[in-house]
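Per-entry structural report
The residues making up each chain are set out below.
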Amino acid sequence: MSKINAIITGIGGYVPDYILTNEELSRMVDTNDEWIMTRVGIKERRILTEEGLGTSYMARKAAKQLIQKTGVDPDTIDALIVATSTADYKFPSTASIVVGKIGLKNAMAFDFWGACCGILYSLDVAASMIQSGRYKKIILIGADKMSSVTDYKDRSTCPLFGDGAAAMLLEGTEEENIGVMDSYLRTDGKGLPFLHMKAGGSVCPPSHFTVDHRLHYLYQEGRTVFRYAVTSMSNDCVLIAERNGLNKDNIQWVVPHQANMRIIEAVAKRLDLSMDQVMVNIEHYGNTSAATIPLVLWDNESKLRKGDNILFTAFGAGFVHGASYYRWAYDGNK
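This write-up is about the structure you can find in this document. (Residues numbered from 1 in each chain as written. Predicted model: local features only at pLDDT ≥ 70, side-chain atom pairs only at ≥ 80, totals over all residues. Heavy atoms only, no water.)

Scanning the protein chain from terminus to terminus reveals 10 helices and 13 strands. In summary, the protein chain has a C-alpha radius of gyration of 19 Å against a globular reference of 20 Å for 334 residues, a match within 12%. For the C-alpha atoms alone, the extent of the protein chain along its principal axes is close to 60 × 45 × 35 Å. Buried residues in the protein chain amount to 55% of all 334 residues. For the protein chain, long-range pairs separated by at least 24 residues make up 76% of all intrachain contacts whose partners lie at least 6 apart in sequence. As displayed, the protein chain has an accessible area near 14,800 Å², and 49% of this comes from carbon and sulfur atoms. (Helix = DSSP H or I, 4+ residues; strand = E, 2+ residues; numbered from the N terminus. Rg over C-alpha atoms; globule rule 2.2 N^0.38 Å. Buried < 20%, exposed > 50% of the residue type's maximum accessible area, 1.4 Å probe, protein only. Contact = heavy atoms within 4.5 Å. Areas by Shrake-Rupley, 256 points an atom, 1.4 Å probe, with all protein chains shown as cover.)

Following this line, the structure appears as structure tokens:
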């Protein structure tokens, strides 16, 4: 039997219309455009402002665009996975809501909770499902409504995050040397004190106390997270590159998690790459958590060519981190 490789055959995306600029943020907290751009490289972020709409709304918008672009028959989709940390509800899964809204009749669906690295973890899971031969077509979505867990009175975190979603269609092929080639994914397990949401889970259920003390927002110890992210993402990329014979001359693109421009630049420097080889859209979207990697691919799809060597890398709460080597399967046409 020929080996089945898992390839991305299309990308769809969605970002909300509302743009929250640094100027507007500076009227909410003690910050300014120069400080934000110097520290993290974010000029604006998209925010889902409509009442009653959550992560599933953006996810299904991205999935609908993906289906329209690729022309895939929805009845042939075997599974739908949503990587997210901002599910609509504790249960049911956001993925199950998306399946119902877009009318998939033959798909299993589940959420994958891997924070900002969730899209890389779930890509590996989806690729394994395809490679098993039991699943032919999978829609993989990265989606997060980070505004729902962002404290807009906290000047250290509120400039960082935005909302968005992007969807990828994964299919199997017997063509060699293409698709998901290798991955290195790890969980440090030491990250709880430095990046978490204090209340809302089973350890600290919602109460008047937790609401009154603003415990339902993201907490981050920025310097520690920055240090771990730079080290982990850089080391992971070097490891994947070395064991696959990749270097600055044959890596076409690095697609990093979009959390901080200084982290992205540090990874590029460690690999001895030009920033022209790095996909970046953090200036316009900020950190959309699990959505950042597919969103930056969606933004830059037209630049991609079949056979391009790509390194994905991400870091998130937990700490979870990793890098993946992917060979692109088609000429971009966005």
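Still more ground to cover, so stick around.
What follows is about the packing of aromatic side chains. A full pass over the atoms with the stated rule returns 9 aromatic pairs. With 6.0 Å between their ring centres and 35 degrees between their planes, Phe-312 and Tyr-326 make a pair best called tilted. Here the residue Phe-312 occupies a position in strand β12 (residues 309–316), and Tyr-326 occupies one in strand β13 (residues 320–327), the gap between them amounting to 14 residues. Exposure remark for Phe-312: the relative accessible area of 2% places this residue in the buried category. (Phe/Tyr/Trp six-rings, centres within 6.5 Å; stacked < 30°, edge-to-face > 60°.)

Turning our attention to the sheet that holds β12. Read across the open sheet, the 4 strands follow the order β8-β13-β12-β11; overall the sheet is mixed. Only two strands of the sheet have a single partner each, and these edge strands are β8 (179–187) and β11 (253–256). In this sheet, neighbouring strand axes are inclined to one another by 15 degrees on average, regardless of whether the strands run parallel or antiparallel. Summarising the sheet, β12 and β13 pair through 8 bridges and their orientation is antiparallel. (Pairing = 2+ DSSP bridges. Axes fitted to C-alpha atoms, helices over the stretch in contact; angles between N-to-C directions.)

Turning next to the sheet that holds strand β6 (residues 137–145). Here we have 5 strands laid out as an open sheet, ordered β1-β7-β6-β4-β5, and mixed in their pairing. This sheet does not close on itself; its edge strands, each paired only once, are β1 (5–14) and β5 (108–112). In this sheet, neighbouring strand axes are inclined to one another by 20 degrees on average, regardless of whether the strands run parallel or antiparallel. With 5 bridges joining them, strand β4 (residues 79–83) and β5 adopt parallel strand pairing. Bridge assignment links Ile-81 to a residue of β5, and that residue is Phe-110. Together, β1, β6 and β7 (163–173) form the strand contacts of helix α10 (residues 292–299), whose direction differs from that of β1 by roughly 80 degrees.

Moving on to the nonpolar core. Formed by 48 residues in total, the largest nonpolar core has its most connected members in Ile-138, Leu-170, Leu-297, Phe-312 and Trp-328. No other element matches helix α5 (residues 118–131), which puts 8 residues into this core. Counting 41 residues, the second largest nonpolar core, distinct from the first, contains Val-29, Met-146, Tyr-152 and Cys-237. (Core = buried A, V, L, I, M, F, W, Y, C linked by side-chain atoms within 4.5 Å.)

Before going further, it helps to examine the environment of Asp-276. With respect to the helices and strands, the residue Asp-276 is situated in the loop between α8 (261–270) and α9 (282–285). Accessibility expressed as a relative area gives 67% for Asp-276, which makes it exposed. Asp-276 sits 19 residues away from His-257 along the chain, and the two C-alpha atoms are 16 Å apart.

The geometry of helix α7 (residues 222–243) relative to α8 is characterised by a closest axis approach of 9 Å and an angle of 30 degrees between their N-to-C directions. For the element pair α7 and α8, the recorded crossing hand is right-handed. Mapping the contact onto sequence places Phe-226, Ala-229, Val-230, Met-233, Ser-234, Asn-235, Cys-237 and Val-238 in α7 and Arg-262, Ile-263, Ala-266, Val-267 and Arg-270 in α8. Looking at the contact of α7 with α8 residue by residue, the classes come out as 9 nonpolar, 2 polar and 2 charged. (Left-handed = near helix turned anticlockwise from the far one by under 90°. Nonpolar A, V, L, I, M, F, W, Y, C, P; charged D, E, K, R; others polar.)

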